[in-house]
Amino acid sequence: MSLPVLKNDVFLRALMREPVPYTPIWLMRQAGRYLPEYKATRAQAGSFMNLAMNPELACEVTLQPLRRFDFDAAILFSDILTIPDAMGLGLEFVAGEGPQFAHPLRDETDVQKLQVPDMAKLQYVFDAVALIRKELDGKVPLIGFAGSPWTIGCYMVEGRGTKDYRHIKSMLYGRPDLLHHILSTNAQATTAYLNAQIDAGAQAVMIFDSWGGVLADNAFDQFSLAYTKQVVSGLQREKNGRRIPVIVFTKGGGLWLERIADCGADAVGLDWTMSLAAARKRLNDAVALQGNIDPMVLFGGESAVREQARYVIDDFGKVGKGGHVFNLGHGISQFTPPEAVEALVDEVHTYSRSMHG
């Protein structure tokens, strides 16, 4: 497939710590429930999985925020749980309760049967990537993504979202061999999955370690970071003569910043509890940084949004040899007023242009 020339590569250049004219911005979950047009498309699809598994509709909701806002990147509309769904765990999204698996991994027999799924079962994702890339027409880069082996493992063992991680932590401490089998299988599957997204047209990829921060210090490296490293080391890092940057985001991972930055990724995402200036100092600009305004700032009114956007940019400081991609410290809330997003994007672009000028 012949692909159009990329017109705006500021996001990719920032990830590679190259000079940029302004700070690029995109938002985690930018294609989602805070937009009325998304809700209408979701209603048309009938369910979340119908939406995610239909390449044309997934493309539509990926492009929707780019029609409203001047984002510097698009991110594939999908879910981190597509891999365990392809493994046969029976994913369902229950209204008001979120994702649930019909067949969580609770006993040794089920764990030992777990295998890397045939990537053909995830072809709908790769078809969506290819279609989105075509429809973007080179406007901005497309980000592909996956959950970290640990994070999707949490859902696979717990069967749903959890507050205490009782089942997976019981396995971690009581039968670590079983958990390592799950995580190893997940890592292999995630590597193949992200590489297939890159082959389909993703120009950068992000690994969401959303639940890495719930681990004890002496467990994080062994059960989360080691498998994230395994994925990163197996990824294609160049396609059609251009670098494919990798972003790793561990919510609550500031404690382990140096170890995460050493995983081989090009950029580290930070949540809102971490100072960008402190992170730069600790890492000596070894990687680019992504983040990290508190998503709740978007409920504070336009003046607060603009003030806090300037704070984050000032906190990072001059670009120098370190790149900054502006983002939230976690995903955008479904209740966010779209006008707050418009003010945020405008302030990030306007203020950073004057600062970099």
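Below: a short report on this structure. Source: prediction; values computed, not measured. (Residues numbered from 1 in each chain as written. Predicted model: local features only at pLDDT ≥ 70, side-chain atom pairs only at ≥ 80, totals over all residues. Heavy atoms only, no water.)

### Points about the packing of aromatic side chains
Argument step 1. This structure, assessed with the given rule, holds 8 aromatic pairs.
Argument step 2. Ring centres of Phe48 and Phe93 lie 4.3 Å apart, and the angle between their planes is 40°; this geometry places the pair in the tilted category. Note that Phe48 is positioned in helix H3 (residues 48–52) and Phe93 in strand E2 (residues 91–94), a separation of 45 residues in sequence.
Argument step 3. Given a relative accessible area of 24%, Phe93 falls into the partly exposed group.
Argument step 4. Ring centres of Phe126 and Tyr193 lie 5.9 Å apart, and the angle between their planes is 55°; this geometry places the pair in the tilted category. With Phe126 in helix H7 (residues 123–136) and Tyr193 in helix H10 (residues 176–200), this pair connects stretches of sequence that are 67 residues apart. In this structure, Phe126 and Tyr193 share a single accessibility class: buried.
Argument step 5. A connected cluster of aromatic rings, assembled from ring pairs, spans Tyr38, Phe48, Phe77 and Phe93.
Argument step 6. If you follow Arg280 out to its NZ or CZ, it ends over the ring of Phe316, 4.0 Å from the centre. (Phe/Tyr/Trp six-rings, centres within 6.5 Å; stacked < 30°, edge-to-face > 60°. Helix = DSSP H or I, 4+ residues; strand = E, 2+ residues; numbered from the N terminus. Buried < 20%, exposed > 50% of the residue type's maximum accessible area, 1.4 Å probe, protein only. Lys NZ or Arg CZ within 6 Å of the ring centre and 35° of its normal.)

### With respect to the environment of Arg280
Argument step 1. Tracing the backbone through its elements, the reader meets Arg280 in helix H13 (residues 276–283).
Argument step 2. Counting along the chain gives 35 residues from Arg280 to Asp315, while the straight-line C-alpha distance between them is 9.7 Å.

### Examining helix H14 (residues 302–316)
Argument step 1. Between its terminal C-alpha atoms H14 stretches 22 Å, which fits the 21 Å expected from 15 residues at 1.5 Å a residue.
Argument step 2. Buried positions along H14 lie against H13, strand E10 (288–290), strand E11 (324–325) and helix H15 (338–356).
Argument step 3. Positive phi shows up at Gly317, right after H14, with a value of about 85°. (Expected span 1.5 Å × (residues − 1). Contact = heavy atoms within 4.5 Å.)

Limitation: the analysis is restricted to geometry and does not speak to function.
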